[in-house]
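Results of the structural survey
Each chain, letter by letter, is given below.
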Amino acid sequence: VQLQASGGGLVQAGGSLGLSCRASGPIYKITRMAWYRQTPGKEREVVAAIAGDSTHYDDSVRGRFTISRASASNTVYLQMNDLRPEDSAVYYCSVEGFDYEQDIFASWGQGTLVTVSS
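Residues numbered from 1 in each chain as written. Predicted model: local features only at pLDDT ≥ 70, side-chain atom pairs only at ≥ 80, totals over all residues. Heavy atoms only, no water.

A few words now on the overall build of the chain. Within the chain one finds zero helices and 11 strands. In the chain, the succession of α and β elements from N to C terminus is β-β-β-β-β-β-β-β-β-β-β. Dimensions of the chain, computed from the C-alpha atoms along their principal axes, are close to 50 × 25 × 20 Å. Counting across all 118 residues of the chain, residues that qualify as buried make up 39%. Relative to all contacts within the chain whose residues are 6 or more apart in sequence, the contacts with residues 24 or more apart total 54%. Carbon and sulfur atoms make up 47% of the accessible area of the chain, which totals about 6,300 Å². (Helix = DSSP H or I, 4+ residues; strand = E, 2+ residues; numbered from the N terminus. Buried < 20%, exposed > 50% of the residue type's maximum accessible area, 1.4 Å probe, protein only. Contact = heavy atoms within 4.5 Å. Areas by Shrake-Rupley, 256 points an atom, 1.4 Å probe, with all protein chains shown as cover.)

The antiparallel open sheet is built from four strands, whose spatial order is β1-β3-β8-β7. If you trace the sheet from one side to the other, it starts and ends with β1 (2-7) and β7 (65-70), each paired once. The average angle at which neighbouring strand axes cross in this sheet is 15 degrees, direction not considered. The sheet contact formed by β7 and strand β8 (residues 75-80) spans six bridges and is antiparallel. (Pairing = 2+ DSSP bridges. Axes fitted to C-alpha atoms, helices over the stretch in contact; angles between N-to-C directions.)

Taken as a whole and assessed by the stated rule, the structure comprises one aromatic pair. Residue placement shows Arg 44 over the ring face of Trp 108; its charged tip is 4.6 Å from the ring centre. (Phe/Tyr/Trp six-rings, centres within 6.5 Å; stacked < 30°, edge-to-face > 60°. Lys NZ or Arg CZ within 6 Å of the ring centre and 35° of its normal.)

A few words on the pattern of salt bridges. All chains considered together, the criterion is met by five salt bridges. In this structure, Arg 37 and Asp 87 form a salt bridge, with 3.0 Å as the shortest nitrogen-oxygen distance. Of this pair, Arg 37 sits in strand β4 (residues 27-38) while Asp 87 sits in the loop between β8 and β9 (89-99), placing them 50 residues apart in sequence. Under the relative-accessibility criterion, Arg 37 is labelled buried at 7%. Under the relative-accessibility criterion, Asp 87 is labelled buried at 1%. Across the salt bridge formed by Asp 59 and Arg 62, the nearest N and O atoms sit 2.5 Å from each other. Look at the salt bridges and you will find they share partners, linking Arg 37, Glu 45, Arg 64 and Asp 87 into a network. (Salt bridge = Lys/Arg side-chain N within 4 Å of Asp/Glu carboxyl O.)

Below, the discussion takes up the state of the cysteines. Tallied over the full model, the rule gives one disulfide. Paired through a disulfide, Cys 21 and Cys 93 show a sulfur-sulfur distance of 2.1 Å. Taking the sign of the S-S torsion, about 60 degrees here, the bridge from Cys 21 to Cys 93 comes out right-handed. You can see Cys 21 sitting in strand β3 (residues 17-24) and its partner Cys 93 sitting in strand β9, a full 72 residues away along the chain. (Disulfide = S-S within 2.5 Å.)

So this is what it looks like as structure tokens:
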């Protein structure tokens, strides 16, 4: 299963950006879609996740970021509002589920850079 992420870029503090990530391949069922971010020297951390009807947000982004998905196109979105310089990072999408052979898959997108200037 391959993921293609898009979006990101440079924005001023207080601005908004949207990320999208589409999964393609032999997907039977998606169980979890998530966005992570990573800055140099730090571990990758989960920003937001969606599984079924449940969503999870890191405390640092709750109320500012919104994760959503379009099941028909196997796409996950991350709308980021009121961005802060500390949100600057490389953002990665992650999708987990089952393929047509009922094997578990866990795939990562290629990463997209978000830079927030102060």
